[in-house]
Amino acid sequence: MIDKKLTVGIADMKIAKGDGMRVPYALGSCIGLCFHDPRLRLGALLHIMLPLNMEAGRKNPLKYADTGIKETLKQLESMGASRSRMIVKIAGGAKMFEMGGAGGIGNIGERNVRSVEAIMRTEQIHIMKKDVGLNYARTMMIDVDTGIVRVRTAGRQEVVL
């Protein structure tokens, strides 16, 4: 029996088959990516923190958009998932703090969104829906059975992706 609400932490990823639901809390500048293969009722939720892995030794590939997405796809495909059936939805990428910096370097949320979008284009997987940007944190949930993704924010109406 799969726990209906397993938490996906920062720089973490969980995979479920059937009816599992995964919840990354407080997606500020981080991005939550829901991957879903509807035929297999197989899904993954990845919680990335930064756009690119420039860490020597790559100790935690799930922390970064580039290496986290590739690792998630690798694991899903090893379980039979198909990129041609893959439905991806994303949330997060908010500008949580006012920071200076040339070229938007201070807006890590925006950089995360751009990086995720570019990597998904390279991987030839379309992002079906998204709830990104602005200046507030989100909580994201996926029902792996149906592929429905819900995004909740304090003081705002729930968004269904």
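Notes on the structure in this doc start here. Fair warning: this is a prediction, and the values are worked out from it, not measured in the lab. Throughout, residues of each chain are indexed from 1 in the direction in which the sequence is written. It should be noted that, the model being predicted, local features are given only for residues of pLDDT at least 70 and side-chain atom pairs only at 80 or more, the latter also being counted only at that level, while totals for whole chains, interfaces and linings use all residues. Computation of side-chain values: all heavy atoms of the structure, hydrogens and water removed.

Attention now goes to the nonpolar core. Among the nonpolar cores identified, the biggest contains 23 residues, and Leu33, Phe35, Ile69 and Val116 are the most heavily contacted of them. A helix here means a DSSP run of H or I that spans at least four residues, while a strand means a run of E at least two residues long, and both kinds are numbered starting from the N terminus. Elements supplying a minimum of two residues to this core: β4 (31-37), β5 (42-48), α1 (65-78), β6 (87-92) and α2 (108-122). Listed in part, the 13 residues of the second largest apolar core include Val8, Ala16, Leu45 and Val151. Nonpolar cores were defined as sets of buried Ala, Val, Leu, Ile, Met, Phe, Trp, Tyr and Cys residues, with membership established by side-chain atoms within 4.5 Å. Three exposure classes are used, based on accessible area relative to the maximum for each residue type with a 1.4 Å probe and protein chains only: buried under 20%, partly exposed in between, and exposed over 50%.

Strands were regarded as paired on the criterion that DSSP finds at least two bridges between them. Taken in spatial order, the five strands of this open sheet run β2-β5-β4-β6-β7, and their pairing is mixed. Each edge of the sheet is formed by a strand with only one pairing partner; in this case those strands are β2 (12-17) and β7 (127-132). Between one strand and the next, the sheet's axes are offset by a mean angle of 10°, whatever the strand orientation. Relative to β5, β2 runs antiparallel, the two being bridged by six bridges. Pairing of alanine 16 across the sheet is with glycine 43, part of β5. The strands touched by α1 within the sheet are β2, β4 and β5, with β5 carrying the most contacts at an inclination of about 165°. To get an axis, fit a line to the C-alpha atoms, keeping to the stretch in contact for a helix; angles then go from 0 to 180 degrees between the N-to-C directions. Note on contacts: a residue pair qualifies if any of its non-hydrogen atoms lie within 4.5 Å across the two residues.

A few words on the pattern of salt bridges. A side chain of one charge can pair with a side chain of the opposite charge when the charged atoms of the two come close. Salt bridges are defined as contacts in which a side-chain nitrogen from Lys or Arg sits within 4 Å of a carboxyl oxygen from Asp or Glu. Per the stated rule, a full pass over the model turns up ten salt bridges. In this structure, aspartate 37 engages arginine 85 in a salt bridge whose closest nitrogen and oxygen atoms are separated by 2.8 Å. Of the two residues, aspartate 37 is situated in strand β4 and arginine 85 in the loop between α1 and β6; the sequence distance between them amounts to 48 residues. Neither aspartate 37 nor arginine 85 differs from the other in exposure class; each is buried. As a salt-bridge pair, arginine 83 and glutamate 77 come within 2.5 Å of each other at their nearest N and O atoms. One continuous salt-bridge network, built from bridges that share partners, spans Glu77, Arg83 and Glu123.

Our next topic: the sheet that holds strand β8 (residues 139-143). Spatial ordering of the open sheet is given by β1-β3-β8-β9-β10, a layout of five strands whose pairing is mixed. The sheet is open, and its two edges are formed by β1 (6-7) and β10 (159-160), each paired on a single side. For strand β9 (residues 149-152) and β10, the ladder comprises two bridges, and the chain directions are antiparallel. Looking at β10, one finds that arginine 150 is bridged to valine 160.

Turning our eyes to something else, we now look at the side chain of threonine 72. Position of threonine 72 relative to the elements: it lies in helix α1. On the accessibility criterion, threonine 72 (0% relative accessible area) is buried. Look past the residues within four positions of threonine 72 in its chain and what remains in contact with it is Met13, Phe35, Ala44, Leu46 and Leu62.

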